[in-house]
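Commentary on secondary and tertiary structure
Here are the chains, one letter per residue:
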Amino acid sequence: MDRLTRKAYELRRDIIEEVYQSKAGHIGGDLSVIDILTVLYFEVMNVNPESWKSEDRDRFLLSKGHCTDALYITLGEKGFFDKQEAIETFSSFGSVFIGHPNTDVPGIEMNSGSLGHGLSLGVGMALAARMDGRSYRTYVVLGDGEMAEGSNYEAMMAAGHYGLDQLCATVDLNGLQISGTTGETMKSDDLGEKFKAFGWYVIEVEDGNNCKQLLAAYQEAEAKKGQPSVILAHTTKGKGVSFMENQKKWHHGVMTEEQYRKAVEELEGVLA
Amino acid sequence: MSQITNRQVICDTLLDAAKKDRNIVVVCSDSRGSASLAPFAEQYPKQFVEVGIAEQNLVSVSAGLASCNKKVFAASPASFLSTRSYEQVKVDVAYSKTNVTLIGISGGVSYGALGMTHHSCQDIAAMASLPDMRVYLPCDRFQTRKLIEALLKDEKPAYVRVSRSATEDVYDENMDFKLNSANVIKEGADAVIISCGELVPYAVKAARELEHEGYRVGVIDMYCLKPMDEKAVIDAAEKADLIVTAEEHSPYGGLGSMVAQIVSASCPKKVVNLALPDGHIIAGTNHEIFQYYGLDDQGIKRAVIARLSQGLVK
């Protein structure tokens, strides 16, 4: 198993712990997005605790903010804070590790959680980079259900208009949202065509839980000049825990002790 | 009367500041003309961002820029800025505490006969209820310049509402200005009129005429709606028998509500709130609308005399 894939599975194991202990969080989306976060934080992005205040750091925004459980684990692993604290206090009284990204947590750029904000914020960050002649890139991760938010299309239009090639969006296309499939809830199967129509460079990743494929996509995006890029990552919701995969009830389900043990067993089996 | 609008003054102030600060950025939503910011766009094209008619994007893009050390001024009609992009203001500006000054142009009933869609009679209530958001309604060109100069010096979110047309001068260029301190224009023992924005000149005129008729009436310019200058309100309530508020806003959640909250808690006195109605607003120019609803000098004067002479106070 390669380094990034192993890392993503280790983080899955931590997420299960965090979500089980807190009886909160959005486990299905955490498990679909964790490979994206792993590749970005441990290979692609210039973001680390030592140079967190540097103007040249890459910017990251989790627009699908409800999967902050996965982001906290990733940032903790990266050394922004004690990961164990996030696991033990997630969503508890007085904790900074609340259910959506907030700037009281080291490593979080902006508060988010209400869907459809991240891409516009990213446009602003990418415009600032251009104004200042800086080469940092801005990465925004969105959910596929989130693509029903109209504000995204205002952002897509502006990013295309300005040809923001330092902006890279990723859509975590796990195909499910709280009510059911994205197709049933609000059709978004021609997302690539929509982005193209707004002047974006579109990269499809067949297996969005495959770190190697994701990494190649981010490298391709970085090489593309004159256009913003979007990576459409076809993921599996609940990836890595058999009984959660592709089940809408695991959008934010709470595990029983038995389910928790089975999830741990499966993930440790992969890591063994 | 001055022909210089407050929006022009904002542009002039930003042009002056941008000479020395390349981090000042203006963002517009097809509003550079109506905001009088076209000269800024022409002189500083690299510090100007156009987002098209997309007010949600206007606010979030501004917040993104501000998170990268830009001092952002986002200008759009107050109506759209305060309601269409309300959630973007709440989350990306107020909650994230970004250095964005929202400039609500053509505020209140500035657009007159264009109707409800273009009126912003809820913006004080909407903006003031957001944690960390400051709310300012300057009255004339001198105060507007001082306010913008002060806001350029800090890094906190703010909402500034200005009207479309020029307002009569209340001050001159040597005016005293302290951010978040109300301007006590005149003290009064019978009544004090507390007003903000475009209605301040009317309040001043009303007080002057009332004085000629033997009433001792003060005027406070509460341009800082939030944080409100509570001390100025309490001082006025301690000295006068009646407080009258006059505002270009709905009767709910604006200046009158906030003043009444302070007065009732600290120094109970009768507070009369003059505001726009909670309902359909008649078509007309802004002055015609003020006149119709008793918010012009004569209307304010009538209201003061009615309360004082009917013995409703004391």
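Residues numbered from 1 in each chain as written. Chains lettered and ligands numbered in written order. Predicted model: local features only at pLDDT ≥ 70, side-chain atom pairs only at ≥ 80, totals over all residues.

A short note on the overall build of chain B
Scanning chain B for helices and strands turns up twelve helices and twelve strands. Projected onto its principal axes, the C-alpha coordinates of chain B cover approximately 60 × 35 × 35 Å. Here chain B, with 314 residues, has 57% of them falling under the buried criterion. In chain B, the share of contacts with a sequence separation of at least 24, taken over all contacts with a separation of at least 6, comes to 78%. (Helix = DSSP H or I, 4+ residues; strand = E, 2+ residues; numbered from the N terminus. Buried ≥ 20, exposed ≤ 12 C-beta atoms within 10 Å, placed from the backbone. Contact = placed C-beta atoms within 7 Å.)

Points about the overall build of chain A
What chain A contains, in helices and strands, is ten helices and seven strands. Whereas a compact globule of 272 residues would reach a radius of gyration of roughly 19 Å, chain A reaches 17 Å, a difference of no more than 12%. Reported as C-alpha extents along the three principal axes, the dimensions of chain A are approximately 50 × 45 × 35 Å. The proportion of buried residues among the 272 residues of chain A is 54%. The long-range fraction of contacts in chain A, counting pairs at least 24 apart against all pairs at least 6 apart in sequence, stands at 76%. (Rg over C-alpha atoms; globule rule 2.2 N^0.38 Å.)

Comments concerning the packing of helix α2 (residues 27-44) of chain A against helix α9 (residues 211-223) of chain A
Residue and element names in this part refer to chain A. Look at α2 against α9: their axes get within 10 Å of each other, and the N-to-C directions meet at 60 degrees. Relative to α9, the element α2 lies oblique. Remark: the crossing between α2 and α9 carries right-handed chirality. Counted together, Asp35, Ile36, Thr38, Val39, Glu43 and Val44 of α2 and Cys211, Leu214, Leu215 and Tyr218 of α9 form the full contact between these two elements. (Axes fitted to C-alpha atoms, helices over the stretch in contact; angles between N-to-C directions. Parallel < 35°, antiparallel > 145°, perpendicular 65-115°, else oblique. Left-handed = near helix turned anticlockwise from the far one by under 90°.)

Things to note about the confidence of the model for chain B
In this model, chain B carries a mean pLDDT of 96, and residues with pLDDT of at least 70 account for 99%. For this predicted complex, the interface confidence score (ipTM) comes to 0.96, while the overall pTM stands at 0.96. (pLDDT = per-residue confidence, 0-100.)

A short note on the interface of chain A and chain B
Contacts between chain A and chain B engage 19 residues on the former and 21 residues on the latter. Of all the secondary structure elements, the ones that give two or more residues to the side of chain A that touches chain B are α5 (118-132) and α6 (151-161) of chain A.

Focus: the sheet that holds strand β7 (residues 183-186) of chain B
Residue and element names in this part refer to chain B. What the five strands build is an open sheet, ordered β7-β9-β8-β11-β12; its pairing is mixed. In the strand order of this sheet, the two ends are held by β7 and β12 (270-274), each with one partner. On average, adjacent strands in this sheet sit at an angle of 20 degrees to one another, irrespective of strand direction. (Pairing = 2+ DSSP bridges.)

With respect to helix α1 (residues 3-22) of chain A
An ideal rise of 1.5 Å per residue puts 28 Å on 20 residues; α1 of chain A measures up with 29 Å between its terminal C-alpha atoms. Where α1 of chain A ends, the next residue or the one after it, Lys23 of chain A, has phi of about 55 degrees, a positive value. (Expected span 1.5 Å × (residues − 1).)

What to know about the environment of Gly107 of chain A
Residue and element names in this part refer to chain A. As for its position among the elements, Gly107 is in the loop between α4 (83-89) and α5. Residues Gly107 and Ser91, 16 residues apart in the sequence, show an inter-C-alpha distance of 18 Å. Excluding anything up to four places from it in sequence, Gly107 contacts Trp52, Leu75, Lys78 and Phe80.

A few points about unusual backbone geometry
Residues and elements named next belong to chain B. At the junction of Lys226 and Pro227, the peptide bond is cis and its omega measures out at 0 degrees in the coordinates. Note that Pro227 resides in the loop between β10 (224-226) and α9 (230-239). We note that Asn69 has phi near 70 degrees; this positive angle belongs to a residue other than glycine. Mapped onto the fold, Asn69 is located in the loop between α3 (55-66) and β3 (71-77). Owing to 12 C-beta atoms within 10 Å, Asn69 belongs among the exposed residues under this scheme. In this structure, Ser106 takes a positive phi of about 50 degrees despite not being glycine. The class of Ser106 is buried, set by 28 C-beta atoms lying within 10 Å.

Quick look at α2 of chain A
Residues and elements named next belong to chain A. Taking 1.5 Å as the rise per residue, α2 with 18 residues should run 26 Å; its terminal C-alpha atoms sit 24 Å apart, in good agreement. Val33 marks where α2 bends most, by close to 45 degrees. With 16 of 18 residues buried, α2 is to be regarded as a mostly interior element. (Bend = angle between axes of the 7 residues up to and from the residue.)

Structural notes on the pairing of strand β3 (residues 167-173) of chain A
Residues and elements named next belong to chain A. Of all seven residues that make up β3, seven are buried, and the element is covered over most of its length. Where burial is concerned, the two faces of β3 agree: the one with Leu167, Ala169, Val171 and Leu173 and the one with Cys168, Thr170 and Asp172 are both buried. The sheet contact formed by strand β2 (residues 138-143) and β3 spans six bridges and is parallel. Paired with Val141 across the bridge in β3 is Thr170. The sheet contact formed by β3 and strand β7 (residues 229-234) spans six bridges and is parallel. Each residue of the ladder has a partner; that of Val171, found in β7, is Leu232.

Here we look at the sheet that holds β2 of chain A
Hydrogen bonds between backbone groups are what pair the strands of a sheet, and the pairing can be parallel or antiparallel. All names here are of chain A. Judged by pairing direction, the sheet is parallel, and its five strands sit side by side in the order β1-β2-β3-β7-β6 without closing on themselves. Here the strands that pair on one side only, and so sit at the sheet edges, are β1 (59-62) and β6 (201-205). Put simply, the sheet's adjacent strands are angled 15 degrees from each other on average, direction ignored. In terms of strand pairing, β1 meets β2 through four bridges, oriented parallel. Paired with Phe60 across the strands is Tyr139, a residue of β2. Most of the contacts of α2 go to β3, to which it runs at about 150 degrees, and overall it touches β1, β2, β3 and β7. Running over the sheet, α5 touches β1, β2 and β3 and is turned about 170 degrees from β2.

A few points about the nonpolar core
Core analysis: the biggest nonpolar cluster contains 185 residues, and Ile193, Ala203, Leu225, Ile243, Val244 and Ile300 of chain B have the highest contact counts within it. It is α2 of chain A that provides the largest number of residues to this core, a total of ten residues. If sequence neighbours within four positions are ignored, Ala203 of chain B has contacts with Ile193, Ser195, Val219, Ala246 and Ile300 of chain B. (Core = buried A, V, L, I, M, F, W, Y, C linked by C-beta atoms within 7 Å.)

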